[in-house]
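Coordinate inspection notes
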Amino acid sequence: MNTLILISVLPILLLYLGLYKAKNALLPVTVIGLAVALGLAISQWKAADTVMPIYNGMMLFDHFSIAFTGITVVSTVLILLLSKDYFEKISSHVAEYYSIILFALAGIIVMVSYHNLTMLFIGIEIMSVSLYILAGIKKQDFGSNEAALKYFLMGAFSTGFLLFGIALIYGTTGSFDLDAIRDWALSHKSGSYPMFYTGIMLIIVGLCFKVGAAPFHFWTPDVYEGAPTLITAFMSTVVKTAGFAAFLRLFQNCFVSVAEFWTPVLVIIAGLTLFIGNITALYQQSFKRMLAFSSISHAGYMLFAIVALGANSGNSVFVYATAYSIASIIAFAVLILVQQQQGNDNFESFNGLGRKNPFLAFVLTVAMLSLAGIPLTAGFIGKFFMFTGALAKSHIYLVIIAVLNAIISIFYYFRVIIAMYFRNSEREGLAIPAYFNVVLALSALITLFIGIYPTVIAALIPSVK
């Protein structure tokens, strides 16, 4: 809880620093504040059987919550380290941008720690409202304005589905509490309860909108492309991780006993998401737009943990989300540098990067290999966990579809590697700021380390019995 309080108070301090023109202190204070918040979260790590819900059952800071709080805070720190001098080029109101990102992070902490459906809704709204603003921070840019408007309209639409679903669940069970809903579902396994099942369907629709799963994904490419690249990095990593943590927490706690009802629906959604994400990514000429479509396909892989709900689903999503987030941060960091030099984000902009900037080319290669799921990278471990879980629940056909899609993804991830190493271009070497070097080196090391020693993070979340 101390983590949430600190991350909620920190933006107010940043606004005061902005008021007194202390721009140089904004980034250090933010990073130090988040490091302290991470330390406070880790200090709450206790034996799993001693953790109880707090504030009348509204929040639960268990190992699941702390693990996902950790990866979202670390990812946010890495992204913010890339922001030095980035926001200054957009506007003079830099303090507001840092504050809004931290407010979004506060909503995310609520999303991964809720024990009551009202807190889930509040967390999603705090995060979403902040993201609507961040997507449109380039006020003079038509694409940024379009992204903000489209994200707002689609976000409001999906929130309606989610809220209606929550209302129907409450109308049937008489409670917003996760334990009470689970107990009601266990004691009413037989019989017809159309309002309850309709509520589950509407919640699936609302959450699939939030995580960008097909066929509710159509806002994702345009919003990711139109928003500033740094904000896109935040949305496609931290926000997606929080969305899946909230999704998994709800279904693992409440709806396991009625899994035969909703599992076929999620199987179809996962298959559609994989095909739509990967096949459309093949035809993209823009690297940023390719990352947007590939993020849709990764949502399909992460849905495996919910489709094959089991004792280790929490660890599977955690490992996959960690691998995906770290590799994506590398990809977006290199994209920012290339965009600044070349003025666009086409694949041709990466031609010859391997000769002029071998370090950049190397870390981007590591990221692409990880996203493609090549062995000795974190991405391979993430996919291994997902496929193992699906096979344990006999979803063999789904794993075959996933393997086919993983092969398809190799084509578009390797496209940028080929451009960097095998295509020539008359280009100048990129100047890499010190902060970028730190983030890129650290992220690449984490990607390789998890790929070689996955047990370090593979058992952080206790298995559910």
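Residues numbered from 1 in each chain as written. Predicted model: local features only at pLDDT ≥ 70, side-chain atom pairs only at ≥ 80, totals over all residues. Heavy atoms only, no water.

Within an unreviewed UniProt entry, the label attached to the protein reads NADH-quinone oxidoreductase subunit N, and the organism entered is Mucilaginibacter yixingensis. Listed in UniProt under the heading Catalytic activity (unreviewed entry), the comment for the protein reads: "a quinone + NADH + 5 H(+)(in) = a quinol + NAD(+) + 4 H(+)(out)". (UniProt positions renumbered as here; feature names shortened; annotations may be inferred.)

Concerning the overall build of the protein
Counting secondary structure elements, the protein contains 18 helices and zero strands. Oriented by its inertia axes, the alpha-carbon framework of the protein measures out at about 70 × 55 × 40 Å. Burial status across the protein gives 59% buried among its 465 residues. Taking as baseline every contact in the protein between residues at least 6 positions apart, the subset at least 24 positions apart corresponds to 80%. Split by element, the accessible area of the protein, about 17,700 Å² in all, is 68% carbon and sulfur. Of the charged side chains in the protein, 23 are positive and 18 negative, and the gap between their average positions amounts to 4 Å. (Helix = DSSP H or I, 4+ residues; strand = E, 2+ residues; numbered from the N terminus. Buried < 20%, exposed > 50% of the residue type's maximum accessible area, 1.4 Å probe, protein only. Contact = heavy atoms within 4.5 Å. Areas by Shrake-Rupley, 256 points an atom, 1.4 Å probe, with all protein chains shown as cover. Lys, Arg positive; Asp, Glu negative; His and termini not counted. Charge placed at Lys NZ, Arg CZ, Asp CG, Glu CD.)

With respect to the environment of Lys138
You can see Lys138 is positioned in the loop between helix 5 (117-135) and helix 6 (142-173). Setting aside chain neighbours within four positions, we find Lys138 in contact with Ile90, Ser144, Asn145 and Pro228.

What about the nonpolar core?
Counting residues in each nonpolar core, the largest one holds 168 residues, and the members touching the most others are Phe251, Phe255, Trp262, Phe287 and Phe350. Here this core gets 19 residues from one element, more than from any other, and that element is helix 13 (residues 313-342). Leave out the neighbours within four places in its chain, and Phe255 touches Ile169, Ile181, Phe196, Ile200, Leu250 and Trp262. (Core = buried A, V, L, I, M, F, W, Y, C linked by side-chain atoms within 4.5 Å.)

Things to note about helix 17 (residues 396-422)
Its 27 residues give helix 17 an end-to-end C-alpha distance of 38 Å, which sits within 8% of 39 Å, the value for a rise of 1.5 Å per residue. Approximately 30 degrees is the largest bend angle found in helix 17, and it occurs at Phe414. (Expected span 1.5 Å × (residues − 1). Bend = angle between axes of the 7 residues up to and from the residue.)

Considering the packing of helix 11 (residues 259-282) against helix 12 (residues 287-307)
Contact geometry for helix 11 and helix 12: axes closest at 8 Å, N-to-C directions at 155 degrees. The pairing of helix 11 with helix 12 is recorded here as roughly antiparallel in orientation. The handedness of the crossing between helix 11 and helix 12 is left-handed. Between helix 11 and helix 12, the residues in contact are Trp262, Thr263, Leu266, Val267, Ile269, Ala270, Thr273, Leu274, Gly277, Asn278, Thr280 and Ala281 and Met290, Phe293, Ser294, Ile296, Ser297, Ala299, Gly300, Tyr301, Leu303, Phe304, Ile306 and Val307, respectively. Per-class residue counts for the contact of helix 11 with helix 12 are 16 nonpolar, eight polar and no charged. (Axes fitted to C-alpha atoms, helices over the stretch in contact; angles between N-to-C directions. Parallel < 35°, antiparallel > 145°, perpendicular 65-115°, else oblique. Left-handed = near helix turned anticlockwise from the far one by under 90°. Nonpolar A, V, L, I, M, F, W, Y, C, P; charged D, E, K, R; others polar.)

Examining the UniProt feature "domain: NADH:quinone oxidoreductase/Mrp antiporter transmembrane" (unreviewed entry) in the protein
UniProt annotation of "domain: NADH:quinone oxidoreductase/Mrp antiporter transmembrane" (unreviewed entry) refers to residues 116-409 when read in the numbering used here. The span residues 116-409 is 80% helix and 0% strand, and its two end C-alpha atoms sit 38 Å from each other.

Considering the packing of aromatic side chains
Taken as a whole, this structure holds 30 aromatic pairs when the rule is applied. When the centroid spacing of 5.4 Å and the interplanar angle of 90 degrees are considered together, the rings of Tyr132 and Phe152 count as edge-to-face. With Tyr132 in helix 5 and Phe152 in helix 6, this pair connects stretches of sequence that are 20 residues apart. Note on Phe152: relative accessible area 41%, which makes it partly exposed. Ring geometry for Trp184 and Phe196: centres 4.8 Å apart, planes at 45 degrees, overall tilted. Here the residue Trp184 occupies a position in helix 7 (residues 178-187), and Phe196 occupies one in helix 8 (residues 194-211), the gap between them amounting to twelve residues. Take Trp184 and Phe196: they sit in the same class, and that class is buried. Put simply, the rings of Trp184, Tyr193, Phe196, Tyr197, Phe247, Phe251, Phe255, Phe261 and Trp262 pair up and form one aromatic cluster. Residue placement shows Arg415 over the ring face of Phe347; its charged tip is 4.2 Å from the ring centre. (Phe/Tyr/Trp six-rings, centres within 6.5 Å; stacked < 30°, edge-to-face > 60°. Lys NZ or Arg CZ within 6 Å of the ring centre and 35° of its normal.)

Brief notes about the pattern of salt bridges
Taken as a whole, this structure holds seven salt bridges when the rule is applied. Taking the shortest distance from any N to any O, the salt bridge between Asp183 and Arg182 comes out at 3.3 Å. Asp183 gets classed as partly exposed once you look at its relative accessible area, which sits at 41%. Because the salt bridges share partners, they merge into one network encompassing Glu146, Lys150, Asp222, Glu225 and Arg289. (Salt bridge = Lys/Arg side-chain N within 4 Å of Asp/Glu carboxyl O.)

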